[in-house]
Amino acid sequence: AVPLSESLGGASANVVTLVPAAPLLEAHAYALSVPASLKDLAGNALSGSVTDGFTTVDQTAPPAPTVDPVPALLCAPTLTLAGTSEAGALISVSGGAAGTQGTAGTDGRFTVTVALSPGTAQTLSVTARDVSGNLSAPTTVSVTVDCEPPHVVDVVSSTSGIVVTFDEPALP
């Protein structure tokens with residue numbers, strides 16, 4: 001039960017405004033009961049008690065999604081992002097070749113496959129929208145699609161060995 005204060009208003013004092021003593025919880029169901037013992041100014045009681053229910057609205061944005069680590073460099077047309085968010089939230093990803101969406105499960109886990117633009121660095125923006133329509137702050141993920149092999153730009157030989165220089169970092 002939430003304590004209420006009341007005030008009379010309206011042209012003939014026929015409107016009662018009820019104000020909770022503390023803020024109501026978001027996305028919470030409440031019931032308001034007016035007992036039959038309520039009387040008008042002439043002393044006439046209500047013909048019966050009145051009960052009405054209502055649910056407050058969720059106005060709080062979900063936290064930004066958490067995205068599992070992804071490689072900074074890859075050679076692939078798509079990337080599957082996985083992570084966690086508010087359960088049931090709509091997960092949206094932009095910044096690749098095309099935007100995409102998915103839904104977080106009841107445990108909050110999600111996976112979304114994003115089409116990538118070839119040969120470029122991309123910053124993917126991942127947001128969550130809860131069932132009430134509140135939008136989270138974005139989480140960003142950077143990835144570069146590099147499908148070009150390294151090229152040899154120089155070879156120097158000496159008595160101590162051979163030094164090969166490539167146009168980009170290479171793994172031995």
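Look a little higher up for the structure.
Being a predicted model, the structure only gives us computed values, none of them experimental. (Residues numbered from 1 in each chain as written. Predicted model: local features only at pLDDT ≥ 70, side-chain atom pairs only at ≥ 80, totals over all residues. Heavy atoms only, no water.)

Draft legend 1. Representation of the environment of Gly119 in the model. Among the secondary structure elements, Gly119 is positioned in the loop between strand 10 (109–115) and strand 11 (121–129). Spatially, the C-alpha atom of Gly119 lies 8.7 Å from that of Cys75, the residues being 44 residues apart in sequence. (Helix = DSSP H or I, 4+ residues; strand = E, 2+ residues; numbered from the N terminus.)

Draft legend 2. Examining the packing of aromatic side chains more closely. Scanning the model with the defined rule gives one aromatic pair in all. Ring centres 5.7 Å apart and planes at 25° place the aromatic pair Tyr30 and Phe54 in the stacked group. Taken together, the residues span a long stretch of sequence, with Tyr30 in strand 3 (residues 29–34) and Phe54 in strand 4 (residues 50–55) at a distance of 24 residues. Taking relative accessible area as the criterion, Tyr30 reaches 16% and is therefore assigned buried. (Phe/Tyr/Trp six-rings, centres within 6.5 Å; stacked < 30°, edge-to-face > 60°. Buried < 20%, exposed > 50% of the residue type's maximum accessible area, 1.4 Å probe, protein only.)

Draft legend 3. Quick look at the sheet that holds strand 6 (residues 73–74). With mixed pairing, five strands are arranged side by side in an open sheet as 6-12-11-8-9. Pairing within the sheet leaves two strands with one partner each, and these edge strands are strand 6 and strand 9 (100–103). Pairing analysis gives four bridges linking strand 8 (residues 90–94) to strand 9, with the strands arranged antiparallel. When the bridges of strand 9 are listed, Val93 appears paired with Thr100. (Pairing = 2+ DSSP bridges.)

Draft legend 4. Looking closely at the state of the cysteines. Applying the stated criterion across every chain, the model contains one disulfide. The residue that forms a disulfide with Cys75 is Cys147, at a sulfur-sulfur distance of 2.2 Å. Sign of the S-S torsion, about 115° for the bond between Cys75 and Cys147, identifies this disulfide as right-handed. Linking Cys75 in the loop between strand 6 and strand 7 (78–84) with Cys147 in the loop between strand 12 (139–145) and strand 13 (152–158), this pair joins segments that are 72 residues apart in sequence. By relative accessible area, Cys147 is classed as partly exposed at 44%. (Disulfide = S-S within 2.5 Å.)

Draft legend 5. Just unusual backbone geometry, in detail. A positive phi angle is found at Ala27, which is not glycine, with a value near 55°. Looking at where Ala27 falls in the secondary structure, it is placed in the loop between strand 2 (15–20) and strand 3.

Draft legend 6. A nonpolar patch on the surface, seen in detail. Together, Val152, Val155, Ile162, Val164 and Phe166 make up a nonpolar patch on the protein surface, roughly 450 Å² of accessible area in all. Listing elements by their share of the nonpolar patch, those giving two or more residues are strand 13 and strand 14 (161–166). Position of Ile162 among the secondary structure elements: in strand 14. (Patch = residues over 30% accessible without salt bridge, like charges linked within 9 Å, V, L, I, M, F, W, Y side chains within 5 Å. Areas by Shrake-Rupley, 256 points an atom, 1.4 Å probe, with all protein chains shown as cover. Salt bridge = Lys/Arg side-chain N within 4 Å of Asp/Glu carboxyl O.)

Draft legend 7. Structural context of the pairing of strand 10. Side-chain alternation along strand 10 places Phe110, Val112 and Val114 on a buried face and Arg109, Thr111, Thr113 and Ala115 on a face that remains uncovered. One ladder, built from seven bridges, connects strand 7 with strand 10; its direction is antiparallel. What sits directly across from Ala82, in strand 10, is Thr111.

Draft legend 8. Geometry of the sheet that holds strand 7. Pairing within the open sheet is antiparallel, and its three strands lie in the order 5-7-10. Of all the strands in the sheet, just strand 5 (66–67) and strand 10 have a single pairing partner and so form its edges.

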